[in-house]
Amino acid sequence: MAKIVVVTSGKGGVGKTTTSAAIGAGLAKAGHRTVLVDFDVGLRNLDLIMGCERRVVYDFINVIHEEASLNQALIRDKRVDNLFILAASQTRDKDALTEDGVERVLTELSRDFDYIICDSPAGIERGALLAMYFADEAIIVTNPEVSSVRDSDRVLGILASKTRRAANGEPPVREQLLLTRYSPLRVQKGEMLSVEDVKEILAIDLLGVIPESQAVLNASNAGVPVILEEESDAGQAYQDAVARFLGEERPHRFLQLEKKGLFGRLFGG
Amino acid sequence: MAGAEAVKPVLELKGRMMTLTVLRLLDPSVEVLARELDRRVQEAPEFFRFLPVILDVEAVAESDLYLDLPGLAGLLQARQFVPVGIRGGGEDWREAATAAGLAVFPAERDSGGGENRRRAATEEPAARAVATEAGMVVTQPVRSGQQIYARGGDLVVMSAVSPGAEVLADGHIHIYGSLGGRALAGVRGDTSARIFCQAFRAELVSINGTYSVSEQFEEALRGEAVQIALNGDSLDIRAL
Ligand SMILES: Nc1ncnc2c1ncn2[C@@H]1O[C@H](COP(=O)(O)OP(=O)(O)OP(=O)(O)O)[C@@H](O)[C@H]1O
Ligand SMILES: [Mg+2]
């Protein structure tokens, strides 16, 4: 039986798709059979970030509507073994997602995979609610700013009350915080909330802190999950997060300003 | 996911209580009231637009203003208030309100009546412990967008109430974490209800409908442990 993991945030543009791709690729590299499912119907971003957009023939909606089988729709990643993508449809709207349909597809995927990573759309509408509904675990992607934290808080309330686990009275969805686009410099200037601030407000476990990094943009333009850019700061931070997700303890990195060079020490004060 | 697939229910009764603005009428003359309203509306037109109000007629209960209640309601509507009901007054007032399609709210003094009436904590502490149920204890954080209402008793929240969340109780509210959202105690008329919290960052607090919003709070109390009680017409917020 697969673990169903939703990557969600409430607020848009905080790094959910970047995170889904990175965590999915990381889990697959660690040997777990992993499938990434794009719930952002109408937008279709995940396949771009994964660099497989030209190989999409059938998508999630086709499978829900039984116009294609899962085998026809699943795209195998060319770089990482054990990694598959189920793309969203660009031409349909969110109503094409049905609860029964989603459940059927996730159940079928559960037989073959260890992890099902659901990349949620922004907001708390139907697509986002369905991405959350069947989850066993949630990665809450949050940027260190007030509106993002507020939306994450809202999403945590929904996870605690409006998921299959809540409805069945099962143990709650495991919730972990991934703080992304973190800039120690801007935290120091008081322009961003610190890790401690966000942890205090949301009061859930911290899976990782991903620094604001040019490497993310470069990787997504190249259609490569940033975790495969092994030398990059964001790539390493995602590697740490995957290791923690799998139960390993690792210290958090990239939280402090880099040590200033001689020039900085002389003139920066 | 409830409601995603199933047929949508067409009606739902929710135990939601709202804070409503009370407009106390202190003069029995419609002309005087109209003039004063115009002046107020001019000062802050946006604030009053479509503002639901309850007319407290206690101070003019002895006058025959009730005869003109429909006219008074019309006058408010013309100024874009939304009169929802009256509070106070005798039988004449109640009949006039019903005829004018306005609700009748219990007067301040005998509000909350019947079996739901709780005694003030200070009056009879021992009896109170017996008289009320244990209340409601919430161990999870109350997140943005969530609302929790402890009907008929106290509410104890073991963790934080986030900004954008709302907690309500007929009795006291105790929050053993930060209060970042809204807390409304004594929502069904208990003027002795209090709010306690470990870190005060509320958006709004209210006791029996008398409310205060964050701009009005003393800066020195931000983040502090406070208790809030009703003192006459206003809220008394002080450090614990
Ligand atoms: N750590 C980071 N450093 C710099 N840029 C980042 C980082 N993470 C994400 N971004 C950028 O932020 C933008 C949004 O990222 P992404 O598409 O992953 O967000 P999303 O939450 O999936 O958005 P949506 O809500 O629209 O689905 C992208 O341009 C991405 O490159
Ligand atoms: Mg996305």
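Structure first, text after, so check above.
What this report covers is the structure whose coordinates are included nearby. This one's a predicted model, so the numbers in the text were calculated from it and none came from an experiment. Note that residues are indexed from 1 along each chain, following the sequence as it is written. As they are written, the chains are lettered A onward and the ligands numbered 1 onward, keeping that order. A pLDDT threshold of at least 70 governs which residues receive local features in this predicted model, and a stricter bar of 80 or more applies before side-chain atom pairs are shown or counted, although totals over entire chains, interfaces and linings include all residues. To get the side-chain values, take all heavy atoms of the structure and skip hydrogens and water.

**Concerning the overall build of chain B**
Consideration 1: Think of it this way: any DSSP run of H or I at least four residues long counts as a helix, any run of E at least two long counts as a strand, and we number them from the N terminus. Assigned secondary structure in chain B consists of five helices and 15 strands.
Consideration 2: By residue count, 44% of the 240 residues in chain B fall in the buried class.
Consideration 3: In this description, contact between two residues means that some pair of their heavy atoms is separated by no more than 4.5 Å. Taking the contacts inside chain B whose residues are at least 6 apart along the sequence as the reference set, 39% of them involve residues at least 24 apart.
Consideration 4: For chain B, the exposed area adds up to about 13100 Å²; of that, 51% sits on carbon and sulfur atoms. Buried means the residue's accessible area, taken with a 1.4 Å probe over protein chains only, is under 20% of the maximum for its type, while exposed means over 50%, and partly exposed covers the values in between. What sets the accessible areas is the Shrake-Rupley method with a 1.4 Å probe; for residues, cover comes only from the shown protein chains.

**Let's talk about the site of ligand 1**
Residue and element names in this part refer to chain A.
Consideration 1: For ligand 1, the set of nearby residues contains 16 residues, the closest of which are Lys 16, Thr 17, Thr 18, Arg 181 and Ser 213.
Consideration 2: Whenever a nitrogen or oxygen atom comes within 3.5 Å of another N or O atom, the pair is scored as a polar contact, on the condition that within protein one atom can donate a hydrogen and the other can accept it, and that pairs from neighbouring residues in sequence are kept only if both atoms are in side chains. With respect to ligand 1, the backbone of Val 14 contributes an N or O atom lying 3.1 Å from an oxygen atom.
Consideration 3: A distance of 3.0 Å separates a nitrogen atom of ligand 1 from a polar atom in the backbone of Pro 211.
Consideration 4: Taking 630 Å² as the accessible area of ligand 1 by itself, protein coverage stands at 83%.
Consideration 5: Those elements giving two or more residues to the shell around ligand 1 turn out to be α1 (16-29), β8 (205-211) and α11 (214-222).
Consideration 6: The biggest single contributor to the shell around ligand 1 is α1, with three residues.
Consideration 7: A breakdown of the residues in the shell around ligand 1 according to their chemical character gives six nonpolar, six polar and four charged. One heavy atom suffices: a residue is near a molecule or strand as soon as one of its heavy atoms comes within 4 Å of it. Think of it as three bins: nonpolar holds Ala, Val, Leu, Ile, Met, Phe, Trp, Tyr, Cys and Pro, charged holds Asp, Glu, Lys and Arg, and polar takes everything else, Gly as well.

**Some remarks on the environment of B:Ile86**
Residues and elements named next belong to chain B.
Consideration 1: Along the chain, Ile 86 turns up in strand β3 (residues 82-87).
Consideration 2: Overall, Ile 86 belongs to the buried group, its relative accessible area being 0%.
Consideration 3: Excluding anything up to four places from it in sequence, Ile 86 contacts Ile 54, Leu 55, Leu 69, Trp 93, Arg 94, Ala 97, Leu 102, Ala 103, Val 104 and Phe 105.

**What to know about helix α10 (residues 195-202) of chain A**
Residues and elements named next belong to chain A.
Consideration 1: Taken residue by residue, α10 has Val 195, Val 198 and Leu 202 as its buried positions. Here the buried residues of α10 occupy an arc of 70° about the axis, which is enough to place them on one side. Exposed residues lying more than 90 degrees from the buried face of α10 are Glu 196 and Glu 200.
Consideration 2: Against β6 (137-142), α7 (146-161), β7 (174-182) and β8 lie the buried residues of α10. Starting at the helix axis, one direction is taken to each C-beta atom, and the arc is that of these directions.

**Concerning the side chain of A:Thr34**
Residues and elements named next belong to chain A.
Consideration 1: Here Thr 34 is to be found in strand β2 (residues 34-38).
Consideration 2: Reaching out from Thr 34, the side chain makes a polar contact with the backbone oxygen of His 32 at a distance of 2.9 Å.
Consideration 3: Thr 34 has contacts with Gly 24, Leu 27, Ala 28, Asn 82, Leu 83, Phe 84, Phe 113, Tyr 115 and Ile 117, leaving out every residue within four places of it along the chain.

**Description of the interface of chain A and chain B**
Consideration 1: The interface of chain A with chain B comprises 17 residues on the first partner and 11 residues on the second.
Consideration 2: The term buried area refers to how much accessible surface (probe radius 1.4 Å) is lost by two components on association, counted for both of them together. Buried surface at the junction of chain A and chain B, both sides included, amounts to about 1200 Å², of which 46% is carbon and sulfur.
Consideration 3: Sorting the residues of chain A by area buried against chain B places A:Glu99, A:Arg150 and A:Asp153 first, and these three jointly supply 38% of that buried surface.
Consideration 4: What counts as a salt bridge is simple: a side-chain nitrogen of Lys or Arg found within 4 Å of a carboxyl oxygen of Asp or Glu. Applying the counting criterion to the chain A and chain B interface returns two salt bridges.
Consideration 5: Put simply, chain A and chain B have six residue pairs in polar contact (both at pLDDT 80 or more) between them.
Consideration 6: The set of elements that each furnish at least two residues to the side of chain A that touches chain B consists of α5 (99-112), α6 (126-133), α7 and α10 of chain A.
Consideration 7: The greatest single-element share of the side of chain A that touches chain B, amounting to six residues, is contributed by α7(A).
Consideration 8: For the side of chain A that touches chain B, the residue count by class is eight nonpolar, three polar and six charged.

**Details of the packing of α1(A) against helix α12 (residues 233-245) of chain A**
Residues and elements named next belong to chain A.
Consideration 1: With axes taken as lines fitted to C-alpha atoms, and helix axes fitted only over the stretch in contact, angles between N-to-C directions fall between 0 and 180 degrees. Viewed as axis vectors pointing N to C, α1 and α12 meet at an angle of 60°, and their least axial separation amounts to 9 Å. In terms of orientation, α1 lies oblique with respect to α12. Note that α1 runs across α12; the crossing there is right-handed. When α1 is examined against α12, the residues Thr 18, Thr 19, Ala 22, Ile 23, Gly 26 and Leu 27 are found in contact with a partner set consisting of Tyr 238, Ala 241, Val 242 and Phe 245.
Consideration 2: Broken down by class, the residue content of the contact of α1 with α12 amounts to seven nonpolar, three polar and no charged. Relative orientations are named as follows: roughly parallel for angles under 35 degrees, roughly antiparallel for angles over 145 degrees, roughly perpendicular for angles from 65 to 115 degrees, and oblique for any other angle. Note on convention: near helix rotated counterclockwise from far helix by under a right angle means a left-handed crossing. Clockwise means right-handed.

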